[in-house]
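# A closer look at the structure
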Amino acid sequence: MRMGMVIDLKKCIGCHSCAVACKLNNNLPDGMWWNRVLTKGGEVMDTASGTYPDKLNLMHIPVNCQHCEDAPCVKACPVGASYKAEDGTVQIDYDKCIGCRMCMAACPYDARSFNWQEPEYPLNHAVGEVDAPNHQGHIVEKCTFCKNRRDRGLEPACMELCLGRARYWGDLDDPESDAAKAMRGRKTMRLLEKKGTKPQVYYLL
């Protein structure tokens, strides 16, 4: 089993709803984003490169933890806090994390965040899922593909609020999963494939 995600870049409208859904559902502290939308185009977010009218180039690329099959963060962790789960995703055991940030240095996708202090929030009460992760100071965090929701039979939160319906989820080893079906007959790419990490997030071109 390799649970993974497929994102259709032709459907992504760069609305950042996936990032907001992730932040709220996981009750992420101030300044922390597990999911972000990058712009391939101009030097400033959401701007195009090239000239009008026929040479403009703009593409939005949602990026979160790539849940690599050959995850360098897992290899770099000296205490086994970062590990590959049975479903193929990469998870972090917060109770084991010693905050050394070796995993952050090893990750080529800049997908991990470090809590430099005890978490602070814009509201005086928790938001999102009742079983959202318990955030702690001085440890590393990242996208879990909403493990808490999946344990309850739900999909990752970013799937629900995607306005363009650009995301597909499922077992990449199951040809009948939504993720596998979405890739049939389509050209795909994975981020930094030359790194040999074998990301479990595919992008449809």
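Structure: above.
Residues numbered from 1 in each chain as written. Predicted model: local features only at pLDDT ≥ 70, side-chain atom pairs only at ≥ 80, totals over all residues. Heavy atoms only, no water.

So, on to the overall build of the protein. Counting its secondary structure elements, the protein contains six helices and 10 strands. Summarising its shape, the C-alpha atoms of the protein cover approximately 50 × 40 × 30 Å along the three principal directions. A total of 205 residues make up the protein; the buried ones form 49% of that total. Taking the contacts inside the protein whose residues are at least 6 apart along the sequence as the reference set, 60% of them involve residues at least 24 apart. Of the accessible surface of the protein, which amounts to about 10,800 Å², a share of 53% is contributed by carbon and sulfur atoms. Each charge class in the protein was averaged separately, 27 positive and 26 negative side chains, and the resulting centres sit 7 Å apart. (Helix = DSSP H or I, 4+ residues; strand = E, 2+ residues; numbered from the N terminus. Buried < 20%, exposed > 50% of the residue type's maximum accessible area, 1.4 Å probe, protein only. Contact = heavy atoms within 4.5 Å. Areas by Shrake-Rupley, 256 points an atom, 1.4 Å probe, with all protein chains shown as cover. Lys, Arg positive; Asp, Glu negative; His and termini not counted. Charge placed at Lys NZ, Arg CZ, Asp CG, Glu CD.)

One open sheet accounts for four strands, arranged β8-β1-β10-β9; its pairing is mixed. Two strands lie at the open edges of the sheet, namely β8 (167-171) and β9 (188-189), each paired on one side alone. The pairing of strand β1 (residues 3-8) with strand β10 (residues 201-204) spans four bridges and is classified as parallel. Counterpart to Ile 7 in the pairing with β10 is Tyr 203. (Pairing = 2+ DSSP bridges.)

On to the pairing of β8. The element β8 is extensively covered by neighbouring structure, given that four of its five residues are classed as buried. In terms of strand pairing, β1 meets β8 through five bridges, oriented antiparallel. Bridging across to β8, Val 6 finds its partner in Tyr 168.

Now for the state of the cysteines. Going through the model one piece at a time under the given rule, you end up with zero disulfides. No disulfide involves Cys 107; its nearest neighbouring cysteine sulfur is the one of Cys 73, lying 6.3 Å away. Cysteine Cys 146 remains unbridged, with the sulfur of Cys 22 as its closest cysteine sulfur at 6.1 Å. (Disulfide = S-S within 2.5 Å.)

In this section: the environment of Ser 113. If you trace the backbone, Ser 113 turns up in strand β6 (residues 112-114). Exposure remark for Ser 113: the relative accessible area of 15% places this residue in the buried category. In the structure, Ser 113 is positioned 79 residues away from Trp 34 in sequence and 7.7 Å away in space, judged by C-alpha atoms. Not counting the four nearest positions on each side in its chain, Ser 113 is found in contact with Met 32, Trp 33, Met 104, Ile 139, Val 140 and Glu 141.

Taken together, the side chains of Val 20, Leu 24 and Trp 33 define a hydrophobic patch exposed on the protein surface, amounting to about 270 Å² of accessible area. The residue Leu 24 is located in helix α1 (residues 17-25) in this model. (Patch = residues over 30% accessible without salt bridge, like charges linked within 9 Å, V, L, I, M, F, W, Y side chains within 5 Å. Salt bridge = Lys/Arg side-chain N within 4 Å of Asp/Glu carboxyl O.)

A positive phi angle, close to 50°, is found at Arg 165, a residue other than glycine. Relative to the assigned elements, Arg 165 resides in the loop between α5 (157-160) and β8. Phi at Lys 198 is positive, roughly 55°, even though this residue is not glycine.

Once that is clear, we can look at the packing of aromatic side chains. Where two aromatic rings form a pair, the distance of their centres and the angle of their planes describe that pair. This structure, assessed with the given rule, holds two aromatic pairs. Look at Phe 114 and Trp 116: their rings are 4.8 Å apart centre to centre, the planes differ by 80°, and that puts the pair in the edge-to-face class. Aromatic side chains Phe 145 and Trp 169 sit 4.8 Å apart centroid to centroid with 75° between the ring planes, which places their arrangement in the edge-to-face category. Of this pair, Phe 145 sits in the loop between β7 (140-142) and α4 (147-150) while Trp 169 sits in strand β8, and the two are 24 residues apart along the sequence. The pair formed by Phe 145 and Trp 169 is uniform in burial state, with each residue classed as buried. The ring of Trp 33 carries the charged tip of Lys 23 above its face, separated from the ring centre by 4.6 Å. (Phe/Tyr/Trp six-rings, centres within 6.5 Å; stacked < 30°, edge-to-face > 60°. Lys NZ or Arg CZ within 6 Å of the ring centre and 35° of its normal.)

On to the nonpolar core. Core analysis: the biggest nonpolar cluster contains 37 residues, and Met 5, Trp 34 and Tyr 203 have the highest contact counts within it. Elements that contribute at least two residues to this core include exactly β1, α1, β3 (59-63), β5 (90-92), α5 and β10. No other element matches β1, which puts three residues into this core. Ranked by size, the runner-up nonpolar core spans seven residues in total, among them Leu 172, Ala 179, Met 183 and Leu 204. (Core = buried A, V, L, I, M, F, W, Y, C linked by side-chain atoms within 4.5 Å.)

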